[in-house]
Amino acid sequence: MRTCEPLLFKNRRIGETVFLEGYRRTGGYQGLEKALRDMTPASVREEVKASGLRGRGGAGFSTGLKWSFFPSDDPGEKYLVCNGDEMEPGTFKDRQLLLADPHHLLEGVLIACYALGIGTAYIFLRDAYRQCAANLEHAMDEAREAGLLGDNILGSGFSCEVHVHRSAGRYICGEETALLNSLEGLRPNPRSKPPFPAVKGLFGKPTALNNIETLANVPHIITGGAAWYKSLALTEKGSGTKLYGLAGHLETPCCVELPLGMPLGELIRDFGGGVWQQRSFKACLPGGASTPYLTAEHLDVALDYETLEQVGTRLGTGGVVVFDDRTCMVAATLNLLRFFARESCGWCTPCRDGLPLVCWLLERIELGQGTREDMTMLQEQLRYINGRSFCALALGAMGPVDGLLRHFAEEVEDHIRLGRCPLQA
Amino acid sequence: MLLSEKQITQLKRRVRETPHPREMILDVLHAIQDANGWVSDEGVELAAIILGLSPLQVEEVATFYDKIYRRPVGRKVIHICDSICCWSRGSEALMQRLQQLLGIAAGETTIDGMFTLLPTCCLGACADAPALRIGKTLYGKVAIEQLEAILDGERTEVSS
């Protein structure tokens, strides 16, 4: 069984939370010390860029490249915002990290602020993660006491304040510009881009936005070096480890840290305990609700950014959701689309009106009332909605529809031909 | 009294001290909701006064979030996850059974004012699906047979 020396989960014991003493015992804050003592902000940015780290929140954009667009050396107010809105169904990794080891994120936030010339950071947490917020606040108290947070950190002259913001629900807040509106106390509809947050973000100031898991990787890149970090992945182009979620029809759903690029089948067999009730694998979402399905022919595919793009889907958040052979994929897709339609913020027409239409079509088909025309219309909605919505929510929402029509067209047609769901006895 | 004089003074002081007062809108709404169970029209008006905003500016934020209750709710809100992982492990049957046990439909409150039943999206407890939250307590790997005992436990906790 393939495993790896965990980085982010190295202190994780289920049901326990490690605070400052335990975190330091396994090398915690050595990355921050090294950065402040031996490295310039520019060399920290260089190291992160060289590591090949890609955003772990879903979009997978290069963290180093994102940081290179940021006006790090400009004077004036700038912000770091950590996106902890984790509301993509099938995604629960950031919660696991904050339940186990909150200092991990805090150290990443501090190093990122140092690298980007930022003095104020906000950690945006979703409403459901109250224990995570409490853990972080306790960690921040400890860090302040130890001279790791606030003014003149470790005597370096670098000062940084961190605030925890508790949200009140809604998936759209994970969209970076909606999140900024939410933080500012405005109605969290997305903003138009450009200007991008790196130019004009929170309170109109340059703002860097990164996911919790992304930032928690930064201390390891600094202590171990970019080359070592990159070598941890199983794929040639991949880099580092990944917190994979395993949920759905599995014997042992869990969250596990493994090298980036784990083959899907191996992950399911060795860590998910295989498909439950001795049934067989039919399909999965590879990385949360907005990623197109993989099927049984993809069990050898490596779960990495590039390899999944090659088979028409995305790594997303790395939250794998498995469906067994008794699952109706029309019904599964309908469940996913109902989520997206409900969570649409209502700002733009393709999303607000298009997603309920897609739900209506899927409902008709699932109930056996669908026609060939409905299937054509479903296909058309892919073209009408994708690329025409104000933000990426609707594009993500159509991911499962795209997967359904590419991999399970026959199953959809069977519903229409038989006038009922073929998987319901 | 939606908030005590002391709470109002404290919140007003924080508003004065922060460079971006509007940023505190959810903190103020959370405080009002924690004290009253929900945010009434008067609650929106009070928040506006504390924050130095118009009631409309508060309202457009308050109505956006599903965890800010703009209508009265029971003493405990049951949020049952209906997203994909919980769906795949039986959340629809759980929802039906809850409606039966409580004698209400989704969105309604029991006659005794104890529970409000609301569907919610993913609670981030996908490895423990099916999951639901009652008040501040998260329940994972919930079997249909356990529901009655869970509800009884939550009722007793309130009365004790």
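Values in this document were obtained by computation on a predicted structure and should not be read as measured data.

**Digging into the overall build of chain A**
Stage number 1. When helices and strands are counted, chain A shows 18 helices and 11 strands.
Stage number 2. For a compact globule of 425 residues, the expected C-alpha radius of gyration is about 22 Å, and chain A comes in at 22 Å, within 12% of that figure.
Stage number 3. Counting only C-alpha atoms and orienting by the principal axes, one finds that chain A spans roughly 75 × 50 × 35 Å.
Stage number 4. By residue count, 62% of the 425 residues in chain A fall in the buried class.
Stage number 5. Restricting the contact set of chain A to residue pairs at least 6 apart, pairs at least 24 apart contribute 70%.
Stage number 6. Surface summary for chain A: the accessible area is close to 15,600 Å², and the carbon and sulfur share equals 50%.
Stage number 7. Treating the 44 positive side-chain charges of chain A as one cloud and the 51 negative ones as another, the clouds have centres 3 Å apart.

**Focus: the pattern of salt bridges**
Residues and elements named next belong to chain A.
Stage number 1. Following the criterion strictly, the structure yields 38 salt bridges over all chains and no others.
Stage number 2. Lys-193 is paired through a salt bridge with Glu-175; the nearest N and O atoms lie 3.9 Å apart. Taken as a pair, Lys-193 in the loop between helix H8 (176-184) and strand S4 (207-211) and Glu-175 in the loop between strand S3 (161-166) and H8 lie far apart in primary sequence, 18 residues in all.
Stage number 3. Judged by relative accessible area, Lys-193 falls into the partly exposed class, the value being 37%.
Stage number 4. With a relative accessible area of 15%, Glu-175 lands in the buried category.
Stage number 5. Notably, a salt bridge pairs Asp-353 with Arg-352, separated by 3.4 Å at the nearest N-O pair.
Stage number 6. Among the residues examined, Asp-353 registers a relative accessible area of 43% and is labelled partly exposed.
Stage number 7. Taken together, the shared-partner salt bridges in this structure form one network comprising Arg-56, Lys-93, Asp-94, Glu-213 and Lys-242.

**Thoughts on the layout of surface pockets**
Stage number 1. Considering only enclosed or pocket space, the second largest pocket measures out at about 820 Å³ in volume.
Stage number 2. Around the second largest pocket, the lining comprises 30 residues; the ones closest to its centre are Ala-331 and Asn-335 of chain A together with Trp-87, Ser-88 and Glu-92 of chain B.
Stage number 3. At the level of elements, helix H13 (329-343) and helix H15 (354-366) of chain A together with helix H5 (84-88) and helix H6 (91-102) of chain B are the ones that each hand at least two residues to the lining of the second largest pocket.
Stage number 4. Here the lining of the second largest pocket takes 6 residues from H13 of chain A, the largest share from any one element.
Stage number 5. Residues of the lining of the second largest pocket, tallied by class, amount to 12 nonpolar, 9 polar and 9 charged.

**Remarks on the interface of chain B and chain A**
Stage number 1. In this complex, chain B contributes 33 residues to the contact, which on the side of chain A involves 51 residues.
Stage number 2. Summing both sides of the interface, chain B and chain A together bury roughly 3,500 Å²; the carbon and sulfur share of this comes to 57%.
Stage number 3. Among the residues chain B hides against chain A, the three largest losses belong to Phe-64, Ile-84 and Arg-89 of chain B. Together they make up 21% of the total.
Stage number 4. Counting across the interface, chain B meets chain A through 2 salt bridges.
Stage number 5. Here Arg-133 of chain B makes a salt bridge to Asp-127 of chain A, at a shortest N to O gap of 3.4 Å.
Stage number 6. The interface formed by chain B and chain A holds 17 residue pairs in polar contact (both at pLDDT 80 or more) in total.
Stage number 7. Going through the elements one at a time, helix H2 (25-36), helix H4 (55-62), H5 and strand S2 (115-120) of chain B are the ones with two or more residues in the side of chain B that touches chain A.
Stage number 8. Take the side of chain B that touches chain A: its biggest share by element is 4 residues, from H5 of chain B.
Stage number 9. Of the residues assigned to the side of chain B that touches chain A, the class counts are 17 nonpolar, 7 polar and 9 charged.

**As for the pairing of S4 of chain A**
All names here are of chain A.
Stage number 1. Of all the 5 residues making up S4, 5 are buried; the element is thus mostly covered by neighbouring parts of the structure.
Stage number 2. Covered by surrounding structure in S4 are Thr-207, Leu-209 and Asn-211 together with Ala-208 and Asn-210, the residues of both alternating faces.
Stage number 3. Pairing analysis gives 5 bridges linking strand S1 (residues 79-84) to S4, with the strands arranged parallel. Its bridge partner lying in S4, Leu-80 is registered against Ala-208.

**Digging into empty space enclosed by the protein**
Stage number 1. Under the counting rule described, the total for this entry stands at 2 cavities of 30 Å³ or more.
Stage number 2. Here the largest cavity defines a volume of roughly 70 Å³.
Stage number 3. What lines the largest cavity is simply Ile-172, Pro-190, Ser-344, Cys-345, Gly-346, Trp-347, Cys-348, Cys-351, Arg-352, Ser-389, Phe-390 and Cys-391 of chain A.
Stage number 4. Classifying every residue of the lining of the largest cavity by side-chain character gives 8 nonpolar, 3 polar and 1 charged.
Stage number 5. In this structure, the second largest cavity occupies an estimated 50 Å³ of space.
Stage number 6. Forming the walls of the second largest cavity are Cys-81, Ser-83, Ile-84, Cys-85, Cys-86, Cys-122, Leu-123, Gly-124, Ala-125, Cys-126 and Ala-131 of chain B.
Stage number 7. Considering every element that reaches the lining of the second largest cavity, the biggest residue donor is H5 of chain B, with 3 residues.
Stage number 8. Each residue belonging to the lining of the second largest cavity can be placed in one class, and the counts come to 9 nonpolar, 2 polar and no charged.

**Some details on the sheet that holds strand S5 (residues 241-248) of chain A**
Residues and elements named next belong to chain A.
Stage number 1. Within the open sheet, the 5 strands sit side by side as S6-S5-S11-S8-S9. Their pairing is mixed. Among the strands making up the open sheet, the edge pair consists of strand S6 (254-259) and strand S9 (294-295).
Stage number 2. Note that S5 and S6 share 6 bridges and pair antiparallel. Within S6, the position partnered with Leu-246 by the bridge is Cys-254.

**Quick notes on the nonpolar core**
Stage number 1. The biggest cluster of nonpolar side chains holds 154 residues, and the ones touching the most others in it are Leu-80 and Phe-323 of chain A.
Stage number 2. Element by element, the count of residues in this core is highest for helix H6 (residues 102-116) of chain A, at 10 residues.
Stage number 3. Apart from the residues lying within four places of it in its own chain, the contact partners of Phe-323 of chain A are His-249, Ser-280, Phe-281, Lys-282, Ala-283, Cys-284, Leu-285, Tyr-293, Met-329 and Ala-332 of chain A together with Ile-84 and Trp-87 of chain B.
Stage number 4. Judged by nonpolar contacts, the second largest core, of 24 residues, contains Ala-233, Val-256, Leu-303 and Val-322 of chain A.

Basis of the calculations
Residues numbered from 1 in each chain as written. Chains lettered and ligands numbered in written order. Predicted model: local features only at pLDDT ≥ 70, side-chain atom pairs only at ≥ 80, totals over all residues. Heavy atoms only, no water. Helix = DSSP H or I, 4+ residues; strand = E, 2+ residues; numbered from the N terminus. Rg over C-alpha atoms; globule rule 2.2 N^0.38 Å. Buried < 20%, exposed > 50% of the residue type's maximum accessible area, 1.4 Å probe, protein only. Contact = heavy atoms within 4.5 Å. Areas by Shrake-Rupley, 256 points an atom, 1.4 Å probe, with all protein chains shown as cover. Lys, Arg positive; Asp, Glu negative; His and termini not counted. Charge placed at Lys NZ, Arg CZ, Asp CG, Glu CD. Salt bridge = Lys/Arg side-chain N within 4 Å of Asp/Glu carboxyl O. 1 Å grid on protein atoms, 1.4 Å probe; cavity = no way out; pocket = protein on both sides within 12 Å on 5 of 7 lines; lining within 4 Å. Points joined across faces, edges and corners; volume = space filled by probe spheres on them. Nonpolar A, V, L, I, M, F, W, Y, C, P; charged D, E, K, R; others polar. Buried area = accessible area lost by both parts, 1.4 Å probe. Polar contact = N/O pair within 3.5 Å; in protein donor to acceptor, adjacent residues only side chain to side chain. Pairing = 2+ DSSP bridges. Core = buried A, V, L, I, M, F, W, Y, C linked by side-chain atoms within 4.5 Å.

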